[in-house]
Amino acid sequence: MKKRAFFVSAVLAGGAVFTAVSLAQQQLPTHLKELLELGMHPGHAFIDEGREMFHKPGPNGKSCATCHGQDGKKLEGAYAKMPRYYKDIDRVADIDTRILACMTKYMGYNAKDKKFKKKFNKWSGPYRVPLATYVASLSNGMKINVQLDDPQEKKLYEYGKKLWYMRVGARDFSCGICHTVLAGKRIRLQGLPDPVKNKLYTHWPAYRFGSDRMWTMEDRVRSCWKAYLLYVKQWHQKKDWVKKPPPYSDWVIALELYMKKAANGATVEVPGLLR
Amino acid sequence: MKKVFLAGAMVGLGLLVACQPAAQQAEAPKKAEKKKLSKTEKFRIALSNQDKYQKACSNPTQLVPEGIDIETFKKDMLATVKFPEGGVVGKNIARGEKLFGDPKKGGKSRRGNCYACHCGDPKIIACGNIGPSLRGYGKRGIDPKDTYIRIYNSWAQNPCSVMPRLGYHGVLKPEEIADIVAYMHDPNSPLNK
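What counts as what
Every chain is numbered independently, its residues counted from 1 as its sequence is written. As a convention, the first chain written is A and the first ligand written is 1, with the rest following in written order. Where local features are concerned, this predicted model is filtered to residues with pLDDT of at least 70; where side-chain atom pairs are given and counted, the filter is 80 or more; whole-chain, interface and lining totals use all residues. Here a strand is any run of E in DSSP of at least two residues, a helix any run of H or I of at least four, and the numbering for each starts at the N terminus. For the exposure call, what matters is how many other C-beta atoms sit within 10 Å of a residue's own: 20 or more marks it buried, 12 or fewer exposed, and in between partly exposed, using C-beta atoms placed from the backbone. Any pair of residues counts as being in contact when their C-beta atoms, constructed from backbone geometry, are within 7 Å of one another. For every element, the axis is a line fit to its C-alpha atoms; helices are fit only across the contacting stretch, and the angle between N-to-C directions ranges from 0 to 180 degrees. Should an angle lie under 35 degrees it is considered roughly parallel, over 145 roughly antiparallel, and from 65 to 115 roughly perpendicular; all remaining angles are considered oblique. Polar here means any residue outside two lists: the nonpolar Ala, Val, Leu, Ile, Met, Phe, Trp, Tyr, Cys and Pro, and the charged Asp, Glu, Lys and Arg; Gly therefore counts as polar. Residue ranges labeled as domains rest on an automatic or database domain assignment. Each nonpolar core consists of buried Ala, Val, Leu, Ile, Met, Phe, Trp, Tyr and Cys residues. Their C-beta atoms, within 7 Å, join them into a set.

1. Here we look at the overall build of chain B
Point 1. From N to C terminus, chain B includes seven helices and zero strands.
Point 2. The burial tally for chain B puts 34% of its 193 residues in the buried class.
Point 3. Sequence-distant contacts in chain B: of pairs separated by 6 or more residues, those separated by 24 or more amount to 54%.

2. Some words on the overall build of chain A
Point 1. Regarding its fold elements, chain A presents 11 helices and nine strands.
Point 2. Buried positions account for 35% of the 275 residues belonging to chain A.
Point 3. Put simply, of all contacts in chain A between residues at least 6 apart along the chain, 72% involve residues at least 24 apart.

3. Some points on the packing of helix α8 (residues 151–164) of chain A against helix α11 (residues 250–262) of chain A
Residues and elements named next belong to chain A.
Point 1. Closest axis-to-axis distance for the α8/α11 pair is 7 Å, and the angle between their directions is 90 degrees. Regarding the angle of α8 to α11, the classification is roughly perpendicular. Contact with α8, carried on its side by Leu156, Tyr157, Tyr159, Gly160, Lys161, Leu163 and Trp164, involves Asp250, Trp251, Ile253, Ala254, Leu255, Leu257, Tyr258 and Lys261 of α11 and no other residues of that element.
Point 2. Tallied by class, the residues present in the contact of α8 with α11 amount to 11 nonpolar, one polar and three charged.

4. Regarding the packing of helix α10 (residues 217–224) of chain A against α11(A)
All names here are of chain A.
Point 1. With their axes 10 Å apart at the nearest point, α10 and α11 run at an angle of 110 degrees to one another. Classified by the interaxial angle, the pair formed by α10 and α11 is roughly perpendicular. Packed against α10, whose contacting residues are Met217, Glu218, Val221 and Arg222, the element α11 presents Val252, Leu255 and Glu256 at the interface.
Point 2. Taken together, the residues of the contact of α10 with α11 break down into four nonpolar, no polar and three charged.

5. Some remarks on the domain arrangement of chain A
Residues and elements named next belong to chain A.
Point 1. Taken domain by domain, chain A comprises domain 1 (42–137) and domain 2 (151–274).
Point 2. Relative placement of domain 1 and domain 2: their C-alpha centres are 22 Å apart.
Point 3. Per element, the largest residue contribution to the side of domain 1 that touches domain 2 is five residues, and it comes from helix α7 (residues 128–137).
Point 4. A per-class count over the side of domain 1 that touches domain 2 returns 15 nonpolar, five polar and three charged.

6. Concerning the interface of chain B and chain A
Point 1. Across the boundary between the two partners, chain B contributes 31 residues, which contact 32 residues of chain A.
Point 2. Take the side of chain B that touches chain A: its biggest share by element is seven residues, from helix α2 (residues 39–48) of chain B.
Point 3. Here the side of chain B that touches chain A is built from residues that sort into 18 nonpolar, 10 polar and three charged.

7. Points about the nonpolar core
Point 1. Core analysis: the biggest nonpolar cluster contains 100 residues, and A:Leu255 and B:Val181 have the highest contact counts within it.
Point 2. At nine residues, the largest contribution of residues to this core is made by α11(A).
Point 3. With sequence-adjacent residues up to four places away left out, B:Val181 is seen in contact with B:Val88, B:Val89, B:Gly90, B:Pro144, B:Thr147 and B:Tyr148.

8. Brief notes about unusual backbone geometry
All names here are of chain A.
Point 1. Cis geometry marks the peptide bond from Trp204 to Pro205; its omega dihedral reads 0 degrees.
Point 2. Tracing the backbone shows Pro205 in the loop between β4 (190–191) and β5 (206–208).
Point 3. Residue Val270 is joined to Pro271 through a cis peptide bond whose omega torsion reads -5 degrees.
Point 4. Tracing the sequence through the fold places Pro271 in the loop between α11 and β9 (272–274).
Point 5. Look at Asp212: it is not a glycine, yet its phi comes out positive at around 60 degrees.
Point 6. Considering the arrangement of structural elements, one finds Asp212 in the loop between β5 and β6 (213–215).
Point 7. According to the C-beta neighbour criterion, Asp212 is exposed, with 8 such atoms within 10 Å.

And the structure:
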């Protein structure tokens, strides 16, 4: 009798594990699947918002469309080559950084205005995420083609590679631990992808239904750093914690460059839809 | 004559070089106290805190130290392990369970977070498959001291292992680790039933 009860419970437990795992692997909830079948995608709302913003004039009367053409004609394929070196700002920029530079340099927004900066950085703000999604979507169907022509690009790429394997922080993590060594395994029920080998850069910026937000790669990379438990002197002192690198910094862009270079040849499909 | 002059110049230079860093060092802490570190500065310091052993593991294989002999590596890491006064098996099993993964919160725990990689209590399904399963751990005849060392500093037994060195970085205190060891070896804990 006891044996039988044990057997039944084992089967039940096994079944529960199996369904939980398969749920995690299926990833998409049914209502989103149905929406997708109808041709609707939550990320498309961000593209529309971005298009509106693209044509809206800034404080000095210029809009993005003034330079980049109606409906971003001159920007088609631009995202597939980013991050790259820009002469006018003298640095390697990803899409978020490039948009910030354009807005402050050519459209009359004040970079030192804290209100504007806050609104720009915000996830739900009207500038960064919608514009990045819109501009990225202009390269849909094109192949990613990041070339390291400029010495600054080469330098940053090498640094990105170093950062990828750099073990640091209170958990002795590196990007490579989870996304190269342990790729294919699970942290709890969350599968770990390998963005370098599997060329996963194609579907970013992506809509993540877990947080109900659009994420650019900048957000994704910076949030990954939270898992490192970085600290200044001692971990058990809360004031010493360092959660994320500052936005638009070279640390973030170096990693983006490393991953996107690895995705060369894959086709851009923006916006993605992820857990 | 020339030689004397040269020697004098050398001594002078040497003095200059020797004095400069000392003067800078004296000034530096004062400035740091006054000024709050910017986020960029903080992040840079956090990255530069990478220790010698982390650096040895930062190669593309990630799991084999480079530049440090494995035996020396293990010995150095073992030397960092601090043991609690009351022995490696603690008394507060309930606290150990909470740190291992609070069953009331679906196995979550901010600092121990064992379920992220290991399975344990059969009731908690959301467990990772990175580390080996810990079901029936207490029945395997493992010395509690080895368990303690593995949690405190896993690199003492397994250089460049994926498992975080929780005690080494101060994420868990020695007494807290002892409680986790007690929970894992207790015959009545859900791990061993």
